[in-house]
Amino acid sequence: MPDLTATTELLRLLSDPTRVRLLALLGREELSVAEITDVTQLAQSRVSTHLGKLREAGLVKDRRDGASSFYAMSHGAMPEEARRVWALLEATTEDPLIEQDRERVREVVRARAGGASWADSVAGRMERHYSPGRTWEASLRGLLGLMSLGDVLDIASGDGALAELVAPRCRTMTCLDASETVIEAARLRLARLGNVRFARGDMHELPFEAASFDQVMLMNCLTFARSPARAIAEAARVLRPGGALAGVTLKAHRHEIAAVTYSHVRFGFEPRELRAMLEAAGLAVDACDVTSREKRPPHFEAISIHARKEGAAEAAPPAREGEGEDAGPRAARPSQQDGCAAAAAPTVKKPRRRAEP
């Protein structure tokens, strides 16, 4: 007979709903990890973690077949006490989710028998499934090769993590942030790129002349804005005719702790609220909708913003060869006076002079 500790550990193991789901599946069919994730719609990392715990306890077994690992319930080798507890759970548990899993298992087995490929098995749900090298980061880096941008302003750029991705596809990249600490971090990160300049400034009062940029980025910064409408109006002001604005921000939520933790001033936005601000700033809105929802609680939702400043696009001057400290994009050399590199296209707005009394 198991002692109190062993019994408690067994009950703790079987108290998790996901592990009960997995045992209900594997008691009827041997499945690969990919097949289990397809059936349960759970992340592969989560499935693998639970399978590891069940295997350590002797409730499931695994075998290798080429590059795949297949799992099944350890009917013959399962510890006797675990067998009795599982028999009780199986006999007394009825749940629509488990029935749905079993129906999907039948579909997976039929697809396997028909020689379906991995792509066939996840058709229509491919974005939910992992395959080697096929991540959102890898996809984004590849898709950047299709971009060819002009003079870009990254408002509230932070330490330049996004600018680092985009700058190689720009004529010039300007990183603006209110924090000297993160601007210095961005300088270090982007030091190898000759077409990047830096400015310290407020998103509500951009230190640039009107119509200075071809594209403006508002990436996850509007929740920090005291006046989001003013920040959007400033972004529109510095855009050239035909220029584009791209941004991401949070949908409205009620999670005060998260807002305080990340120093947010706003608890997100409603899409219609943002759209009204964009239109009031004179922008034509192509998209302002919720485009993603985080898998982990509290399931924050993100809004994507795509807008344009109407008018004929200005022809951008070509980059001159030989400029810059590195081969490739045109260089922007740092200025000792204002902390900005002297990139050729955008110009820093001159301070307003007070009228003489």
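For the structure, check the block above.
Values in this document were obtained by computation on a predicted structure and should not be read as measured data.

The rules we used
- Residues numbered from 1 in each chain as written.
- Predicted model: local features only at pLDDT ≥ 70, side-chain atom pairs only at ≥ 80, totals over all residues.
- Heavy atoms only, no water.
- Helix = DSSP H or I, 4+ residues; strand = E, 2+ residues; numbered from the N terminus.
- Buried < 20%, exposed > 50% of the residue type's maximum accessible area, 1.4 Å probe, protein only.
- Contact = heavy atoms within 4.5 Å.
- Areas by Shrake-Rupley, 256 points an atom, 1.4 Å probe, with all protein chains shown as cover.
- Polar contact = N/O pair within 3.5 Å; in protein donor to acceptor, adjacent residues only side chain to side chain.
- Pairing = 2+ DSSP bridges.
- Axes fitted to C-alpha atoms, helices over the stretch in contact; angles between N-to-C directions.
- Parallel < 35°, antiparallel > 145°, perpendicular 65-115°, else oblique.
- Left-handed = near helix turned anticlockwise from the far one by under 90°.
- Nonpolar A, V, L, I, M, F, W, Y, C, P; charged D, E, K, R; others polar.
- Disulfide = S-S within 2.5 Å.
- Core = buried A, V, L, I, M, F, W, Y, C linked by side-chain atoms within 4.5 Å.

J.: Quick question: what am I supposed to make of the overall build of the protein here?
T.: Counting its regular elements, the protein contains 13 helices and 10 strands. For the protein, the residues scored as buried account for 38% of the 357 residues in total. Residue pairs at least 24 apart in sequence account for 61% of intrachain contacts in the protein once pairs closer than 6 positions are excluded. Total accessible area computed for the protein in this model is approximately 20300 Å², and 53% of it derives from carbon and sulfur atoms.

J.: Help me out: how do you make sense of the environment of Arg64 in this one?
T.: One can find Arg64 in strand S2 (residues 60–65). At 2.6 Å, the side chain of Arg64 and the side chain of Ser69 are in polar contact.

J.: What should I look at first to understand the sheet that holds strand S1 (residues 31–32) in this one?
T.: In any sheet, the strands associate via hydrogen bonds between backbone groups, in a parallel or an antiparallel arrangement. Taking strand neighbours across the sheet as the criterion, the three strands line up as S1-S3-S2 in an open arrangement whose pairing is antiparallel. In this open sheet, the two strands that pair with only one neighbour each are S1 and S2. Judged from the six bridges that link them, S2 and strand S3 (residues 68–73) form a sheet pairing that is antiparallel. By the bridge assignment for S3, Lys61 is matched with Ala72.

J.: How do you make sense of the sheet that holds strand S8 (residues 239–250) when you look at a structure like this?
T.: A sheet is described by the order of its strands in space; here seven strands give the open sequence S6-S5-S4-S7-S8-S10-S9, paired in mixed fashion. Strands with a single pairing partner mark the edges of an open sheet, and in this sheet they are strand S6 (196–200) and strand S9 (283–293). Geometrically, the sheet is characterised by an average inter-axis angle of 15 degrees between neighbouring strands, direction not taken into account. Judged from the nine bridges that link them, S9 and strand S10 (residues 301–309) form a sheet pairing that is antiparallel. Looking at the pairing, Leu283 lines up with Lys309 of S10. Where helix H10 (residues 180–189) meets the sheet, its contacts fall on strand S5 (172–177) and S6, and the angle it forms with S6 comes to roughly 170 degrees. The sheet contacts of helix H13 (residues 271–280) involve S8, S9 and S10, and relative to S9 the element is tilted by about 155 degrees.

J.: I would appreciate a short explanation of the packing of helix H3 (residues 33–40) against helix H4 (residues 44–56) in the present structure.
T.: Two packed helices can be described by the angle between their axes and the distance between those axes. Orientation of H3 relative to H4, taken along the N-to-C sense of each, is 115 degrees, at an axis distance of 10 Å. On the basis of their axis angle, the class for H3 and H4 is roughly perpendicular. Between H3 and H4 lies a crossing whose hand is right-handed. For the pair formed by H3 and H4, the contact residues are Val33, Ile36, Thr37 and Thr40 on the first element and Gln44, Val47, Ser48 and Leu51 on the second. The residue makeup of the contact of H3 with H4, split by class, is four nonpolar, four polar and no charged.

J.: I keep staring at the side chain of Ser69 and nothing clicks. Help me out?
T.: Along the polypeptide, Ser69 turns up in strand S3. The buried category is assigned to Ser69, whose relative accessible area is 15%. In this structure Ser69 touches Leu31, Ser32, Val33, Arg63 and Arg64, once residues within four positions along its chain are discounted.

J.: Got a minute to help me understand the state of the cysteines in this structure?
T.: Cysteine pairs can be linked by a disulfide, which is a covalent bond between their two sulfur atoms. With the rule as written, the count across this model stands at zero disulfides. With no disulfide partner, Cys175 has as its closest neighbouring cysteine sulfur the one in Cys170, 9.4 Å distant. Its relative accessible area of 0% is what places Cys175 among the buried residues.

J.: Please clarify how the pairing of S3 should be interpreted in this entry.
T.: Two faces, one strand: in a regular strand the side chains alternate between the faces of the sheet. Within S3, five of the six residues are buried, which leaves the element mostly enclosed by the surrounding structure. In this antiparallel pair of consecutive strands, S2 and S3, the connection spans two residues, and Gly66 shows a positive phi of 65 degrees.

J.: Looking at this structure, I do not really get the nonpolar core. What am I missing?
T.: In globular proteins that are soluble, nonpolar side chains generally tend to be buried together. Leu153, Ile155, Phe208, Val216, Leu245, Leu274 and Leu278 are the most contacted members of the largest nonpolar core, which has 30 residues in total. Per element, the largest residue contribution to this core is four residues, and it comes from helix H11 (residues 228–237). Core analysis: the next-biggest nonpolar cluster, separate from the first, contains 27 residues, Leu10, Leu31, Val60 and Met73 among them.

Functional significance is not addressed by these values, which are geometric in nature.
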